[in-house]
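Commentary on secondary and tertiary structure
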Amino acid sequence: MKKLLFVLAFTFIGGQSFSQIYLVTLSDNGIGSCSNQEILLTKIPPAGPATYICIPESIEFGLVPLNQELNNIISLGYKLIATNNGTTDAASGLINEETINKGTTFYFAIP
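Now for a description of the structure that goes with this document. Nothing here was measured: the structure is a model prediction, and the numbers come from that model. (Residues numbered from 1 in each chain as written. Predicted model: local features only at pLDDT ≥ 70, side-chain atom pairs only at ≥ 80, totals over all residues. Heavy atoms only, no water.)

Examining the pairing of strand E1 (residues 21–27)
Quick reminder of the rule: For two strands to pair, DSSP has to find at least two bridges joining them. Helix numbers and strand numbers start at the N terminus; a helix is a DSSP run of H or I with at least 4 residues, a strand a run of E with at least 2.
When E1 meets strand E7 (residues 105–109), the two strands line up antiparallel, connected through five bridges. Across the sheet, Tyr-22 pairs through a bridge with Phe-108, a residue of E7.

Description of the pattern of salt bridges
Stated formally: Throughout this description, the term salt bridge denotes a Lys or Arg side-chain nitrogen within 4 Å of a carboxyl oxygen of Asp or Glu. With a 1.4 Å probe rolled over the protein chains alone, any residue whose accessible area is under 20% of its type maximum counts as buried; one over 50% counts as exposed, and the rest are partly exposed.
Summed over all chains, the structure comprises two salt bridges. Among the salt bridges present, the one from Lys-43 reaches Glu-69, with a minimum N-O distance of 2.8 Å. One end of the pair, Lys-43, is in strand E2 (residues 38–44); the other, Glu-69, is in helix H2 (residues 59–75), with 26 residues separating them in the sequence. Taking relative accessible area as the criterion, Lys-43 reaches 13% and is therefore assigned buried. Residue Glu-69 is classed as buried on the basis of its relative accessible area of 15%. Here Lys-102 ties to Glu-57 by a salt bridge, and the two come within 2.8 Å at their closest N and O atoms.

Digging into H2
Every α-helix carries 3.6 residues per turn, so stepping three or four residues along brings you back to the same face. Note the threshold: The span expected for a helix works out to 1.5 Å for each residue beyond the first.
With 17 residues, H2 extends 23 Å between its outermost C-alpha atoms, agreeing within 8% with the 24 Å of an ideal straight helix rising 1.5 Å per residue. One or two positions beyond H2, positive phi appears at Gly-77, with a value near 105 degrees.

Focus: the sheet that holds strand E3 (residues 51–56)
Backbone hydrogen bonds are what pair the strands of a sheet, in a parallel or an antiparallel way. Rules: Here, axes are lines fitted to C-alpha atoms. For helices the fit covers the stretch in contact, and angles between N-to-C directions go from 0 to 180 degrees.
Strand order in the open sheet formed by five strands is E3-E2-E1-E7-E4, with antiparallel pairing between adjacent strands. Looking along the sheet, the strands with just one partner apiece sit at the ends: E3 and strand E4 (79–84). Adjacent strand axes in the sheet meet at a mean angle of 20 degrees, parallel and antiparallel pairs treated alike. Here E1 runs beside E2; their pairing, made up of five bridges, is antiparallel.

Focus on the state of the cysteines
Operational definition: The disulfide criterion used throughout: a pair of cysteine sulfur atoms within 2.5 Å.
What the rule picks out here adds up to one disulfide. A sulfur-sulfur separation of 2.0 Å characterises the disulfide bridge that pairs Cys-34 with Cys-54. Linking Cys-34 and Cys-54, the disulfide has an S-S dihedral of approximately -90 degrees and is accordingly described as left-handed. Separated by 20 residues along the polypeptide, Cys-34 in the loop between E1 and E2 and Cys-54 in strand E3 bring together distant segments of the chain. Of the residues examined, Cys-54 reaches a relative accessible area of 32% and is grouped as partly exposed.

See the structure below:
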């Protein structure tokens, strides 16, 4: 009986931890209806449909809306657990000279 209880508890906890991932991706403007100077920010919550937002590609105007969207997710109780910049180049990051890199993915989870 104790083993059964342990298995059920482990299954419940494991299922809950995998269902609380929140994804945010930055992709090419051709995917959505963004202009040539914008990139598409896609937010995928754990239990809902994806939300698409166009933000400016330049770091001068694009970092503020990106920061606001990431802070909105953090205010819901999520923590940033990983960031993938979409390349294998270690020198490449979120910002590439004067623009925000396309292909960056942010992974959030409930701790």
